[in-house]
Amino acid sequence: MIYVEYIARRAGVALKDFHSVVRQVQEAWEAGHSSDEMILNAGRTWRVGPEPEYLGIWNTGDSGLERLDDWTRAFRERGEVGDEATMSRVARISIAGCYRALRPPVRARGSVYYVEYFRPVGSDDEIASAYQDRAARHGTVKLNLLAVRIGKLAPDPGGIAVWSLHNFALLSAIAAEVDDGAKPVQLTACGLYADIEEEIL
């Protein structure tokens, strides 16, 4: 399962404080839960893309929706935890979604990111094939994630793709090749992101 957190900074929270707590909490969770890999921990940059502005994307490996049961037990067993040790003091997860990967996810770090939000209108195989073809045509960018929601357990439009780029100049080719009427996906929005602490507000 791919679990995507759509995160907003709480009003009045200093950016430095937000960065520090979010990084600490996300990294601590990953270190303490070997089944969970953080694929992306990034913020919208240059104000390009939809709100909320931050994405936390997790890969649960071979686990499916049963991983939610494991997380529920972990949260209940940790007992009372002060706000200073949780993201809730500085951030609000506006919504989250459960997805299935259409190709193996690849950890994204140290780049800038182009994220596509799309409505799946073709089969899984058609979508995977189309994105594989795009990735092959653009050897200077990397497709880190391609996923569609499980049933309706994620917000519209239901599909997400994450690309890593060395610089934004590489966008000129890849960002222009998918339009709203294309199949097997209908692109509804896209955004530019950078690793937490590297985003330009």
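Each chain carries its own residue numbering, running from 1 in the written order of its sequence. The model is predicted, so local features are restricted to residues of pLDDT at least 70 and side-chain atom pairs to those at 80 or more, both for listing and for counting; the totals for chains, interfaces and linings are taken over all residues. Side-chain measures were taken over the full set of non-hydrogen atoms in the model, leaving aside hydrogen atoms and water.

S.K.: Any chance you could break down the overall build of the protein chain for me, citing the residues and the numbers?
M.R.: Helical segments are the DSSP runs of H or I of at least four residues, strand segments are the runs of E of at least two, and each set is numbered from the N terminus. Helix and strand content of the protein chain: 4 helices and 8 strands. Ordered by position in the sequence, the α and β elements of the protein chain form the string β-α-β-β-α-β-β-α-β-β-α-β. Taking 201 residues into account, the globule formula puts the C-alpha radius of gyration at 17 Å, and the protein chain, at 17 Å, falls close to it. With the principal axes as the frame, the protein chain shows a C-alpha extent of 50 × 35 × 25 Å. Categorising residues by exposure relies on relative accessible area from a 1.4 Å probe, with only protein chains included: less than 20% of the type maximum marks a residue as buried, more than 50% marks it as exposed, and the intermediate range marks it as partly exposed. Burial analysis of the protein chain (201 residues in total) assigns 45% to the buried set. In short, Shrake-Rupley with a 1.4 Å probe defines the accessible areas, and a residue's cover is counted only from the protein chains shown. Summed over its atoms, the accessible surface of the protein chain is roughly 10100 Å², and 50% of this surface lies on carbon and sulfur atoms. Averaging the locations of the 23 positively and 29 negatively charged side chains of the protein chain gives two centres separated by 3 Å. The globule rule used for comparison is 2.2 Å times the number of residues to the exponent 0.38, while the radius of gyration itself is calculated over C-alpha atoms. When charges are counted, neither His nor the chain ends are considered; positive counts come from Lys and Arg and negative counts from Asp and Glu. One atom stands in for each charge, and that atom is NZ of Lys, CZ of Arg, CG of Asp or CD of Glu.

S.K.: I'd like to hear about the pairing of strand β7 (residues 159–165), residue by residue, with values.
M.R.: Counting buried residues in β7 gives 7 out of 7 residues, a clear majority hidden from the surface. Both faces of β7 are covered, namely the face carrying G159, A161, W163 and L165 and the face carrying I160, V162 and S164. Judged from the 7 bridges that link them, strand β5 (residues 112–120) and β7 form a sheet pairing that is antiparallel. Counterpart to V112 in the pairing with β7 is L165. By this definition, two strands are paired if DSSP reports at least two bridges between them. Strand direction decides the pairing type here: strand β6 (residues 141–149) and β7, joined by 7 bridges, are antiparallel. Residue pairing in the sheet places L146 in a bridge with A161 of β7.

S.K.: Which residues make up the side chain of H138, and what values do they have?
M.R.: In this structure, H138 sits in the loop between α3 (124–137) and β6. Contacts between residues were defined by any pair of non-hydrogen atoms, one from each residue, lying within 4.5 Å. Aside from chain neighbours lying at most four places away, what touches H138 is A173, I174 and E177.

S.K.: Tell me about unusual backbone geometry, and please be specific about residues and values.
M.R.: Here the bond from E51 into P52 is cis, since omega is 0°, no more than 30 degrees from zero. One can find P52 in the loop between β2 (37–44) and β3 (54–59). Of note in the backbone geometry, R47 takes a positive phi value of approximately 60° without being a glycine. One can find R47 in the loop between β2 and β3.

S.K.: Give a description of helix α1 (residues 15–32) that names residues and reports values.
M.R.: A helix is expected to span 1.5 Å multiplied by its residue count minus one. Look at α1: 26 Å from first C-alpha to last across 18 residues, which is about the 26 Å you get at 1.5 Å a residue. Taken together, the buried positions of α1 are occupied by F18, H19, V21, V22, Q26, W29 and E30. Packed against the buried residues of α1 are β1 (2–9), β2, β3, α2 (67–77) and β4 (91–101).

S.K.: Pulling in residues and values, what's your account of the environment of I39?
M.R.: Looking at the element boundaries, I39 is found in strand β2. Expressed as a C-alpha distance, the spacing of I39 and R109, which sit 70 residues apart in the sequence, is 8.3 Å. Sequence-distant contacts of I39, defined by excluding residues within four places in its chain, comprise I57, W58, N59, P105, V106, R107, A108 and R109.

S.K.: Would you mind going over the pattern of salt bridges in detail, with residue names and values included?
M.R.: The term salt bridge refers to a pairing of a side-chain nitrogen on Lys or Arg with a carboxyl oxygen on Asp or Glu at a separation within 4 Å. Counted under the stated rule, the structure contains 12 salt bridges. With a shortest N-O distance of 2.9 Å, R89 and D17 are connected by a salt bridge. Of this pair, R89 sits in the loop between α2 and β4 while D17 sits in helix α1, and the two are 72 residues apart along the sequence. Its relative accessible area of 32% is what places R89 among the partly exposed residues. The partner of D156 in a salt bridge is R149, with the nearest N and O atoms 2.9 Å apart. Salt bridges sharing common partners tie together D36, R67, D70 and R73.

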